[in-house]
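Below are the chains, spelled out letter by letter.
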Amino acid sequence: MGGAPAEGLLRELAPQVLGALVRRFGHFATAEDAVQEALLAAALQWPAEGVPDNPRAWLITVASRRLTDLLRGEQARRRREDVVAAWALPQDRLAPGADQPVSASDDTLILLFMCCHPSLSPPSQIALTLRAVGGLTTAEIARAFLVPEGTMTRRITRAKQRVKDSGLPFRLPRGPERAERLGAVLHVLYLIFNEGYASTSGPDLQRAELAAEAIRLTRMVHRLLPGDPEVAGLLALMLLTDARRPARTGPDGALIPMAEQDRGLWNAAYIAEGVELVTGALSRGRPGPYQLQAAIAAVHDEAATAEETDWPQITALYELLMRDSDNPMLALNHAVAVAMARGPEAGLGLLDGLGDRLADDHRLYAVRAHLLEMSGDHAGARDSYEEAAGRAMSLPQQRYLHAKAARLKDG
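Scope of this entry: the structure provided in the associated data block. Quick caveat: nothing in here was measured; it's all calculated off a predicted structure.

Scoring rules and cut-offs
- Residues numbered from 1 in each chain as written.
- Predicted model: local features only at pLDDT ≥ 70, side-chain atom pairs only at ≥ 80, totals over all residues.
- Heavy atoms only, no water.
- Helix = DSSP H or I, 4+ residues; strand = E, 2+ residues; numbered from the N terminus.
- Buried < 20%, exposed > 50% of the residue type's maximum accessible area, 1.4 Å probe, protein only.
- Contact = heavy atoms within 4.5 Å.
- Areas by Shrake-Rupley, 256 points an atom, 1.4 Å probe, with all protein chains shown as cover.
- 1 Å grid on protein atoms, 1.4 Å probe; cavity = no way out; pocket = protein on both sides within 12 Å on 5 of 7 lines; lining within 4 Å.
- Points joined across faces, edges and corners; volume = space filled by probe spheres on them.
- Nonpolar A, V, L, I, M, F, W, Y, C, P; charged D, E, K, R; others polar.
- Phe/Tyr/Trp six-rings, centres within 6.5 Å; stacked < 30°, edge-to-face > 60°.
- Lys NZ or Arg CZ within 6 Å of the ring centre and 35° of its normal.
- Axes fitted to C-alpha atoms, helices over the stretch in contact; angles between N-to-C directions.
- Parallel < 35°, antiparallel > 145°, perpendicular 65-115°, else oblique.
- Left-handed = near helix turned anticlockwise from the far one by under 90°.
- Salt bridge = Lys/Arg side-chain N within 4 Å of Asp/Glu carboxyl O.

Here the focus is the overall build of the protein chain. For the protein chain, the helix and strand inventory stands at 19 helices and 0 strands. Going through the 411 residues of the protein chain one by one, you find that 49% of them count as buried. Long-range pairs, those at least 24 residues apart, make up 64% of the contacts in the protein chain with a sequence separation of at least 6. In the structure as shown, the protein chain presents an accessible area of about 19,400 Å², 52% of it carried by carbon and sulfur atoms.

Here it is in structure tokens:
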């Protein structure tokens, strides 16, 4: 297999190689350093020499040799018997070789479970997942979340140490623990996607690279767990939502709401795949929250125009979601659906109970403004748009909300 290695191949293989080394040798942080050096060696050698027939085994071999050197160097420096005993070298291990065929419990999935260890906070889970499984550099992750690189380095380092201190064995959790941890994995992927699709702060409305990485990782989990309906539901939700991304902004980066988007720009392939995934998942029994959210996204995407959207069906789906969750954002979205199905006054009545729970969230004021505008109360809508703009952290959202308020004032 010749030619320059595709960046996508190295990105796909990186978590597999890291997982293999951690399973074989332990020592998350040291193994990651060795994998990074192996990836660098591949990037330098493969363009000239060609991609090996088994690139995964090549990377594992190079990384294993480098890891052995690192561990021996550490042993020589520390000269303590307990450290030497804890950091056994490859020939002292009884586990199968790291370059052996991947077992049914794929190392990449195990690595995802490790990164989403319950002892870690959600921000640390996200950072560690993007670093170890996504292959993003610390600088890239720091830029994505608008924090200094030093801050992100410390966050990732602490996360690795917590995983190490937990004594967690490198294997898939079993029974109820597996279901609980899978929920954490899916939640982390969901948060990564949301931050990419609708950035909570900063100059850009969306960070396409984060959304794309979340989709890639979720595809991987779906490939490893094809029978899990919530995994399929989450992948469907991401695809159906990201399908609208090409139409969400104008040439100047300004926000375009869904009702005003050119639906001809939507990604038809993503929509078809997402609809197929969620349809199959919903047929397997009582749907979970990701399946229901994907079903809502499918109703939006299948409407030829905004006016043809089946708002009563969306309202019913939100009510199913709210049976098992008191998330105030679900209630806010439900209020919008009710307003579109039954009139703005019905939706405004539902907002009254959300003031305490969403008092600092700009979306509550933006929804109120929209419904007031629908009802004809332009003065009230203008004030609510300005209130929403003052609370929004994203610059494109601020500009959009200020523009809405200005148009009502001029009108």
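Counting across every chain of the model gives 1 cavity of 30 Å³ or more. As a volume, the largest cavity reaches approximately 50 Å³. For the largest cavity, the full set of lining residues is A14, P15, L18, E32, V35, Q36, R131, A132 and G135. Here the lining of the largest cavity is built from residues that sort into 5 nonpolar, 2 polar and 2 charged.

Quick look at the packing of aromatic side chains now. Here the distance between the centres and the angle between the planes together describe a pair of aromatic rings. Inspection of the entire model under this criterion finds 3 aromatic pairs. Judged by centre distance (5.8 Å) and plane angle (10 degrees), the rings of F193 and Y197 are stacked. Linking F193 with Y197, this pair stays in helix α9 (residues 175-197), spanning 4 residues, or about one helical turn. Across the pair, exposure class does not vary: F193 and Y197 are buried alike. One residue, R248, lies across the ring of Y197, its end atom 4.0 Å from the ring centre.

The next subject is the packing of helix α16 (residues 344-351) against helix α17 (residues 362-375). Running from N to C, α16 and α17 cross one another at 150 degrees; their axes reach a closest spacing of 9 Å. Taken together, the axes of α16 and α17 are roughly antiparallel relative to one another. Between α16 and α17 lies a crossing whose hand is left-handed. Along the contact surface, α16 presents P344, E345, G347, L348 and L351, while α17 presents L364, V367, R368, L371, L372, M374 and S375. Residue composition of the contact of α16 with α17, by class: 8 nonpolar, 2 polar and 2 charged.

Evaluation of the coordinates by the stated rule reveals 15 salt bridges. Among the ionic pairs, E213 bridges to R216, the shortest N-O distance being 2.8 Å. Residue E213 and its partner R216 are both found in helix α10 (residues 208-224); the two are separated by 3 residues, about one turn of the helix. Using a relative accessible area of 5% as the deciding quantity, one classes E213 as buried. Here D361 makes a salt bridge to R363, at a shortest N to O gap of 2.7 Å. The buried category is assigned to D361, whose relative accessible area is 16%. The class for R363 is partly exposed, based on a relative accessible area of 39%.

Of the voids in this model, the second largest pocket is the one considered here, and its volume is about 380 Å³. Along the walls of the second largest pocket sit 16 residues, with H27, F28, A29, K160 and K164 positioned nearest its centre. When contributions to the lining of the second largest pocket are tallied by element, the ones reaching two or more residues are α2 (28-49) and α8 (149-166). Among the elements that take part in the lining of the second largest pocket, α8 stands out by supplying 5 residues, more than any other. When grouped by side-chain class, the residues that make up the lining of the second largest pocket number 8 nonpolar, 6 polar and 2 charged.

Before going further, it helps to spend a moment on helix α5 (residues 107-115). Owing to its 3.6 residues per turn, the α-helix brings residues three or four apart onto one side. Across the 9 residues that make up α5, a large majority, 9, are buried. For α5, the full list of buried residues reads D107, T108, L109, I110, L111, L112, F113, M114 and C115.

Purely geometric stuff here, so don't read any function into it on its own.
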